[in-house]
There are 2 protein chains.
Amino acid sequence: MSADQKVLSSLRPGVATEPMSGIVDTYIYAMGKPDVIPLWVGQGHLPTPAFIAEPAARALAAGETFYTHQRGLPELRQSLAQYHARAYGKAFDAENFTVCQSGMQSIQLALQAILSPGDEVILPVPAWTNYAATLRLAGMKPVEVALDFDGKSWTLDPARLFAAITPRTRAILINTPGNPLGHVLSHQVLQAILDECRRRRLWIIADEVYGRFYYSGNKPGQPAPSFLDICDTEERIFFCNTFSKNWAMTGWRVGWCMAPKALGPILENLVQYNTSGVTTFLQRGCIAALDEGDAFLADQISQAEQGRRIICERLAKAPGVRFAWPEGAFYLFFKVEGATDSAALSRTLIDQARVGLAPGNAFGQAGQGFLRLCFARDPAQLTEAAERLGNWLERNER
Amino acid sequence: MSADQKVLSSLRPGVATEPMSGIVDTYIYAMGKPDVIPLWVGQGHLPTPAFIAEPAARALAAGETFYTHQRGLPELRQSLAQYHARAYGKAFDAENFTVCQSGMQSIQLALQAILSPGDEVILPVPAWTNYAATLRLAGMKPVEVALDFDGKSWTLDPARLFAAITPRTRAILINTPGNPLGHVLSHQVLQAILDECRRRRLWIIADEVYGRFYYSGNKPGQPAPSFLDICDTEERIFFCNTFSKNWAMTGWRVGWCMAPKALGPILENLVQYNTSGVTTFLQRGCIAALDEGDAFLADQISQAEQGRRIICERLAKAPGVRFAWPEGAFYLFFKVEGATDSAALSRTLIDQARVGLAPGNAFGQAGQGFLRLCFARDPAQLTEAAERLGNWLERNER
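About the cut-offs
Throughout this document, residue positions are counted from 1 along each chain, in the order its sequence is written. Both sets of labels track the order of writing: A upward for chains, 1 upward for ligands. Totals for whole chains, interfaces and linings use every residue, but because this is a predicted model, local features are given only for residues with pLDDT of at least 70 and side-chain atom pairs only at 80 or more, for both listing and counting. Once C-beta atoms are placed from the backbone, any two residues with those atoms within 7 Å are in contact. Numbering of helices and strands runs from the N terminus; a helix is a DSSP stretch of H or I covering at least four residues, while a strand is a stretch of E covering at least two. Axis lines are fitted to C-alpha atoms, over the contacting stretch for helices. Their N-to-C directions set the angle, which ranges from 0 to 180 degrees. Here the angle decides the label: under 35 degrees means roughly parallel, over 145 means roughly antiparallel, 65 to 115 means roughly perpendicular, and every other value means oblique. By definition, turning the near helix anticlockwise from the far helix through less than a right angle yields a left-handed crossing, and turning it clockwise yields a right-handed one. Think of it as three bins: nonpolar holds Ala, Val, Leu, Ile, Met, Phe, Trp, Tyr, Cys and Pro, charged holds Asp, Glu, Lys and Arg, and polar takes everything else, Gly as well. Boundaries of every domain are those given by an automatic assignment or by a domain database. The superposition of copies rests on a least-squares fit of C-alpha positions from residues with pLDDT of 70 or more in both.

Colleague: Please clarify how the interface of chain A and chain B should be interpreted in this entry.
Modeller: Quoted interface sizes are often the accessible area lost when the parts come together. Counting from both sides, the interface comprises 71 residues of chain A and, opposite them, 71 residues of chain B. Looking at the side of chain A that touches chain B, the elements with two or more residues in it are helix 1 (3–8), helix 3 (50–61), helix 5 (103–114), helix 6 (129–137) and helix 10 (264–274) of chain A. The leading source of residues in the side of chain A that touches chain B is helix 10 of chain A, at seven residues.

Colleague: Can you walk me through the packing of helix 5 of chain A against helix 10 of chain A in this structure?
Modeller: When two helices pack together, their arrangement is given by the angle between the helix axes and the distance between those axes. Residues and elements named next belong to chain A. Put simply, helix 5 and helix 10 touch, their axes get as near as 10 Å, and they point 120° apart. With respect to their mutual orientation, helix 5 and helix 10 come out oblique. Crossing geometry of helix 5 relative to helix 10 is assigned as right-handed. Facing helix 5, whose interface residues are Gln 105, Gln 108, Leu 109, Gln 112 and Ala 113, helix 10 presents Ile 266, Leu 267, Leu 270 and Asn 274. A breakdown of the residues in the contact of helix 5 with helix 10 according to their chemical character gives five nonpolar, four polar and no charged.

Colleague: What is the right way to look at the domain arrangement of chain A in this model?
Modeller: Residue and element names in this part refer to chain A. Considered domain by domain, chain A is made up of domain 1 (18–47 + 295–393) and domain 2 (52–292). On a C-alpha basis, the centres of domain 1 and domain 2 stand 24 Å from each other. With 34 residues of domain 1 at the contact, the number on the domain 2 side is 36 residues. Only helix 2 (22–30), helix 12 (294–316) and strand 12 (331–336) provide two or more residues apiece to the side of domain 1 that touches domain 2.

Colleague: Looking at this model, I keep getting lost on unusual backbone geometry. Mind explaining?
Modeller: With the exception of glycine, the majority of residues adopt a negative phi angle, and the majority of peptide bonds are in the trans configuration. All names here are of chain A. Residues Val 125 and Pro 126 are joined by a peptide bond in cis, for which omega reads 0°. Within the secondary structure, Pro 126 is located in the loop between strand 3 (120–125) and helix 6. In this model, Asn 179 is joined to Pro 180 through a cis peptide bond whose omega is 15°. Assignment of secondary structure puts Pro 180 in the loop between strand 7 (169–175) and helix 8 (187–200).

Colleague: Quick question: what am I supposed to make of the relation of the copies chain A and chain B here?
Modeller: The two chain copies are related to each other by a rotation about an axis together with a translation along it. Expressed as a screw transformation, the operator carrying chain A onto chain B has a rotation angle of 180° and an axial translation of 0.0 Å, and the superposed copies differ by an RMSD of 0.0 Å. Read as a symmetry element, the transformation amounts to a two-fold axis. Among all residues of chain A, the minimum C-alpha distance to the rotation axis is found for Ala 57 of chain A, at 2.7 Å. The residues that chain A uses at the interface reappear at the interface of chain B in 100% of cases, marking a shared surface.

Laid out in structure tokens, this is it:
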């Protein structure tokens with residue numbers, strides 16, 4: 001046995017064989033290749049705006065560089081409550097919110113608070129890569145239930161979701177608007193899930209990080225249908241969220257969760273034992289994002305809506321492409337007829353079309369043959385990317 | 001059953017009953033009380049210096065606000081290798097380093113990479129609160145082995161450590177210089193532990209965050225004896241560290257780990273599934289800390305050494321106090337004769353002596369009757385605190 005093998009054989013079982021995210025794989029393949037338009041990752045092209053960056057920089061210069069409240073500055077938790085109240089039209093209480101280091105961390109906190117090794121979590125797929133991997137690495141079991149795709153839309157049948165419940169099931173993880181599909185669950189479907197979870201005493205882990213990116217609302221800025229509209233904050237539901245997407249803060253690594261108040265001391269402990277709190281001075285920028293960021297967010301949503309049109313209209317004309325117009329989030333998930341290996345196709349497109357897309361199978365086997373494109377980008381760049389993709393598809397009609 | 005009880009009864013077993021850190025308890029008790037000198041927590045009184053803060057603020061203003069390398073900026077990992085080379089007088093490779101969100105997170109990464117639920121970890125105590133709690137919350141078992149205290153010094157008998165090894169033991173966690181004791185393990189003891197772990201195929205989790213705060217060296221700035229001096233970087237040893245203590249960056253929440261290169265892809269995954277990387281622009285400040293921070297660090301160490309003298313000399317004169325002069329770290333751990341409830345004594349001292357100390361039993365039952373005082377503080381403040389404590393002890397001689 002080599003020295004490396006000796007080391008690897010003495011790790012947690014499963015940890016060495018968990019594959020790298022297929023999105024990272026694409027990122028690495030494209031690295032250093034000139035003139036590739038990067039649409040594989042879920043972030044916009046704008047840096048964090050000054051009205052958010054400056055308060056953080058001022059707090060840093062003023063010496064707000066000491067340990068702070070494990071669950072976040074009280075003012076920040078208050079701003080979270082007020083932001084939710086504005087967006088969802090009802091009152092929220094700061095005590096339900098916990099600030100943490102990224103949306104990803106908020107999911108970790110949910111798993112650590114609720115689940116034990118061996119527990120099953122029902123997961124509609126295709127879904128963001130990180131859910132299943134994180135569950136597996138923690139010794140939990142993601143039970144995947146595929147959405148139906150008829151070539152024009154994705155449908156989640158709640159009955160199929162419930163049929164997957166076993167005595168080991170502890171939670172259902174719902175991401176709406178969904179990454180990578182851009183599908184949005186209706187209030188009717190959310191209510192059915194909530195009712196069943198209440199009946200079966202299951203937790204809902206609700207990842208609504210794209211909740212503001214919704215393109216089918218009646219009013220401008222209307223959030224997507226949300227569990228927030230129908231649930232009681234003190235029941236078994238754990239919301240995961242992040243500053244990343246709304247306010248161009250992907251590089252900040254700050255998120256939050258909303259959970260029943262009874263979990264307060266538990267989350268205080270879990271934050272302590274994961275990262276011991278969130279960077280103190282950055283929280284001043286987060287307050288500015290929430291308190292003064294509504295107009296910036298509206299611009300972000302409107303730009304994403306424009307990007308969606310640019311991409312969908314061009315690809316609708318390309319041969320062999322099938323997709324549902326995304327109702328939310330900022331991804332197009334499209335099928336390329338005849339493609340059987342998304343990862344290989346993604347590499348081919350990087351080399352031949354100079355567009356970087358995430359391979360659909362990174363989101364579960366149900367995504368094989370698909371590609372994911374992020375359209376929360378500069379419209380001029382998206383127009384160019386749409387042309388390159390459209391032209392490549394036309395040249396390579398199967 | 002109340003709504004809260006329903007929620008609490010459906011969580012991960014053990015998570016709701018894990019007590020809050022006794023240090024947090026003291027912090028909460030002292031909150032809002034005027035004129036209490038806060039020596040309960042492990043941080044200095046200086047904010048992060050400008051030569052570290054400014055590069056971070058510049059990177060933020062320049063828009064370095066996007067996702068970045070999961071294991072840290074390549075330049076930062078290079079700076080970590082160079083910093084270690086300067087401090088330990090031999091070459092290090094950037095590939096062994098992973099940047100993460102706090103020293104606490106580096107311990108989480110170690111547990112997630114190496115251990116499984118049910119595994120035992122041998123832990124010399126009294127030890128930092130967070131080790132045992134984090135292990136318990138992850139379903140692992142801390143096996144505590146008490147150091148011996150003869151009234152003047154703390155001794156770790158390696159034979160007693162090894163006697164605690166069972167078939168479930170997977171690692172020994174060694175924190176030297178140690179929090180809260182300030183004890184420093186000799187090269188001889190470290191070598192004995194390394195030899196035994198090699199023989200028994202156990203991991204060493206080495207928390208050396210106080211490695212530079214050492215008061216018994218032959219040369220100024222000499223680090224404490226370290227596993228880095230004697231181990232091979234590619235064997236079963238996982239180093240946990242942080243920017244917090246050396247460079248007055250507690251509020252930043254950035255740390256690092258050093259592990260065998262074979263763990264690289266595993267740590268890439270684990271970082272992805274815990275926090276998805278470290279705040280991009282902050283890493284520019286971390287590079288400045290490592291590349292330009294040697295003089296600042298030397299001042300920090302020298303100030304801590306001065307604080308140690310101020311505190312130890314005064315308390316040595318007080319009645320009923322027993323302690324070992326700490327050889328490293330920046331804590332005095334002292335026994336008060338007749339004290340049977342450290343937490344109660346800590347509250348009494350907040351109210352009557354206006355000095356905030358961490359209760360010794362927060363560091364395990366072996367610390368009952370002790371108090372921990374952080375002396376990495378302003379000398380004038382420490383002189384005042386020493387007087388207050390000394391006077392209180394004289395007034396309350398038992």
